[in-house]
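Single-letter residue listing:
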Amino acid sequence: MDTKIRFAWLLVVIAAIFFAIGRTTAQSHTTLNKETVANLSTAMHGEAFAFAKYMLYAQHARKSGNKDVADLFEKAAHTERFQHFAEEAQLAGLVGSDEDNLRDAIKGESYEVQTMYFEFAHQAVTAGDRAVADRFEEVRQDEMVHRDAFKAALAKLQAKPAVSQ
Ligand SMILES: [Fe+2]
Ligand SMILES: [Fe+2]
């Protein structure tokens, strides 16, 4: 009898440990400190910008005949994008379901269309920076196309019948 009770307790302890580990893993990005989440966002913006910038620098270096400099920029850009950004995005829980991702993209593009590029173009016109104003307005039109394509894709996905498992 004693052996049976001890065995039962052992099972309870093992089950509790597995439950605790499962909870920690599943909730790792939902329980992050608010400031940590903000820092992850800042870091991801920096890494994404560094990737884009280094690719342009690499392009310039290649055109200038400096192959080694171009390769160096491309190698660093690859790390910024496929290691630093990707690892931080994983920790931040950036990628959700396809529907969640489309909703997030629509939100971002809508902000660019209705607020950001709209106000930036207006500011540039007022300041007399005509070329920048024109570019902002042209980009705004492209973002409209993105927003609408994402909206259409979301509607199509939502209309799709659920696949039975
Ligand atoms: Fe980096
Ligand atoms: Fe866009």
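**Student:** Please explain the overall build of the protein as it appears in this structure.
**Tutor:** Regarding its fold elements, the protein presents five helices and zero strands. When the helices and strands of the protein are read in sequence order from the N terminus, they spell out α-α-α-α-α. Residue burial in the protein is summarised as follows: out of 165 residues, 16% are buried. Once local pairs closer than 6 in sequence are excluded, the contacts in the protein between residues at least 24 apart make up 61%. Accessible area for the protein stands at about 12800 Å²; split by element, carbon and sulfur atoms hold 62% of it.

**Student:** Before we go on, may I ask you to explain the coordination of the iron ion (ligand 2) in this structure?
**Tutor:** Taken together, Glu109 (OE), Glu109 (OE), Glu143 (OE) and His146 (ND1) make up the protein donors of the iron ion (ligand 2), found 2.1 to 2.6 Å from the metal. For the iron ion (ligand 2), the four donor atoms in the first shell make angles of 51 to 125° at the metal, so the coordination geometry reads as irregular. All donors to the iron ion (ligand 2) come from one chain, and their sequence spacing reads E-x33-E-x2-H. Here His146 and Glu143 lie together in helix α5 (residues 130-159), a separation of three residues that amounts to about one turn. Given a relative accessible area of 10%, Glu143 falls into the buried group. In this structure His146 comes out as partly exposed when scored by relative accessible area, which is 37%.

**Student:** Can you help me understand the confidence of the model for the protein in this one?
**Tutor:** Low pLDDT means the predicted atomic positions in that stretch should not be read closely. On average, residues of the protein carry a pLDDT of 88, and 81% of them reach 70 or more. Overall, residues 10-28 carries pLDDT values under 50, and its contacts beyond four positions in sequence, including any with other chains, amount to zero contacts.

**Student:** What am I meant to see in the packing of aromatic side chains here?
**Tutor:** Any aromatic ring pair is given by two values, namely how distant the centres are and how the planes are angled relative to each other. Inspection of every chain in the model, using the stated rule, returns six aromatic pairs. A network of ring pairs unites the aromatic residues Tyr54, Tyr57 and Phe73 as a single cluster. Directly above the ring of Phe82 sits Arg81, whose terminal nitrogen or CZ lies 4.3 Å from the centroid.

**Student:** I keep staring at the coordination of the iron ion (ligand 1) and nothing clicks. Help me out?
**Tutor:** In an ideal octahedron of six donors the angles at the metal are 90 or 180 degrees, and in an ideal tetrahedron of four donors they are 109.5 degrees. Around the iron ion (ligand 1), the donor atoms from the protein are Glu47 (OE), Glu47 (OE), Glu80 (OE) and His84 (ND1), and they sit 2.1 to 2.6 Å away. Viewed at the metal, the four donor atoms of the iron ion (ligand 1) are separated by angles of 53 to 130°, and the geometry they form is irregular. Along the chain, the residues donating to the iron ion (ligand 1) are arranged with the sequence spacing E-x32-E-x3-H. A residue pair is termed a helical-turn pair when its members lie 3 or 4 positions apart in one helix, as Glu80 and His84 do in helix α3 (residues 67-92) at four residues. Accessibility expressed as a relative area gives 29% for His84, which makes it partly exposed.

Conventions used here
Residues numbered from 1 in each chain as written. Chains lettered and ligands numbered in written order. Predicted model: local features only at pLDDT ≥ 70, side-chain atom pairs only at ≥ 80, totals over all residues. Heavy atoms only, no water. Helix = DSSP H or I, 4+ residues; strand = E, 2+ residues; numbered from the N terminus. Buried < 20%, exposed > 50% of the residue type's maximum accessible area, 1.4 Å probe, protein only. Contact = heavy atoms within 4.5 Å. Areas by Shrake-Rupley, 256 points an atom, 1.4 Å probe, with all protein chains shown as cover. Donors = N, O, S within 2.8 Å, 3.2 Å for Na, K, Ca; no water. Tetrahedral: all angles 85-135°; square planar, octahedral: opposite > 155°, others 65-115°. pLDDT = per-residue confidence, 0-100. Phe/Tyr/Trp six-rings, centres within 6.5 Å; stacked < 30°, edge-to-face > 60°. Lys NZ or Arg CZ within 6 Å of the ring centre and 35° of its normal.

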